[in-house]
Amino acid sequence: LIQRAKDLNISVESDVVKELDDIRVKNNLPDMEALEKAIRDEGMNFDDFKDNLRKSLQTQEVISREIFSRIGSSVDHSQIVKYYEEHKAEFTAPEMVILREILVSTAGKSEEDLPALKKKAEDLRTRILNGEDFGEMAKHFSDGSTAKQGGDLGKFERGALSKQIEDAVFTLNRREMTPVMTTAKGYLLIQVVQRYEAGIQPVEKVEGDIMNRLASKQLEPKLRTYLDTLRKDSFVEVRPGYTDSGGVSDTTSITEVKAAAEDPTASKQSSPKKKKRFLIF
């Protein structure tokens, strides 16, 4: 799957950054340096941690493109409505908002700098009201840690936010944004990406979730078939000490045999020992 991701020129670097930042936020760490230190303190190499995360995201993207998207396109609206009616109780949710932010930081700034910084935030708000995209403004002008992700903050229920922000955002509808708010970190703009009222959600708000559920039921057998196809199209070298447990018929492979045992009567001149070589996928 990793090789297939390379063949498809799949890049997940922006997703790696987002995932790392999500991990940072969930662990209440102030910045990426603190996250790197926390990972090292757990006995892990930070570069290895990022590489494993990168490979996981590449694998997910290959499966999404090559299999899941095709299954999803085969799910029609009537199937979605039928599933919704049969499982309506499962779509009961608390009042919730999905948010994104733009922060104009005042950290380290003098009192004389504050009016200009507030004006910058007000000007950004005006540009968005005039039709410019909030996410693009966040990417280019936000000082927040979410800037690279277009300001995405995620989902929040009532009670999960500070009173100042909660009072502001739960009065807004989809795509509306707050006035410029003064916070300890700076001047803050928040947009409501989506709003969910408490209770059973309407079908149009859960359509994507239902489509994923229906597609997931078809995923496992199609994934096995897809992986078998990748194996058949691959050349696999099985080194001594390993078993090709994932092999399928028609896989092109060779198996190395162990070298003959050394003659105990042979000269025992010192020679460098060969390190065990691990199979690299």
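Right above here is the structure, for reference.
About the thresholds
Residues numbered from 1 in each chain as written. Predicted model: local features only at pLDDT ≥ 70, side-chain atom pairs only at ≥ 80, totals over all residues. Heavy atoms only, no water. Helix = DSSP H or I, 4+ residues; strand = E, 2+ residues; numbered from the N terminus. Buried < 20%, exposed > 50% of the residue type's maximum accessible area, 1.4 Å probe, protein only. Contact = heavy atoms within 4.5 Å. Polar contact = N/O pair within 3.5 Å; in protein donor to acceptor, adjacent residues only side chain to side chain. Arc of directions from axis to C-beta.

**Some points on the environment of Arg4**
Examined against the element boundaries, Arg4 turns out to sit in helix α1 (residues 2-7). For Arg4, a relative accessible area of 27% gives the class partly exposed. The sequence separation of Arg4 and Glu66 amounts to 62 residues, and the corresponding C-alpha distance is 10.0 Å. When sequence neighbours within four positions are dropped, the list of residues in contact with Arg4 reads Val62, Glu66, Tyr226 and Leu230. Among the polar contacts made by the side chain of Arg4, one reaches the side chain of Glu66 at a distance of 3.0 Å.

**Topic: helix α7 (residues 134-141)**
Within the sequence span of α7, burial applies to Phe134, Gly135, Met137 and Ala138. In a view along the axis of α7, the buried residues occupy a sector of 160 degrees, so they form one face of it. Structurally, α7 contributes buried residues whose contacts are with β2 (96-105), α6 (114-129) and β5 (186-196). Regarding α7, its N-cap is Asp133, as a side-chain oxygen of that residue lies 3.0 Å from the backbone nitrogen of Gly135 further along.

**Overview of unusual backbone geometry**
Although it is not a glycine, Asn28 adopts a positive phi angle of roughly 55 degrees. By secondary structure assignment, the location of Asn28 is in the loop between α2 (13-26) and α3 (32-41). With phi around 75 degrees, Arg175 is a residue other than glycine that occupies positive phi space. Here Arg175 shows up in the loop between α8 (163-169) and β4 (181-182).

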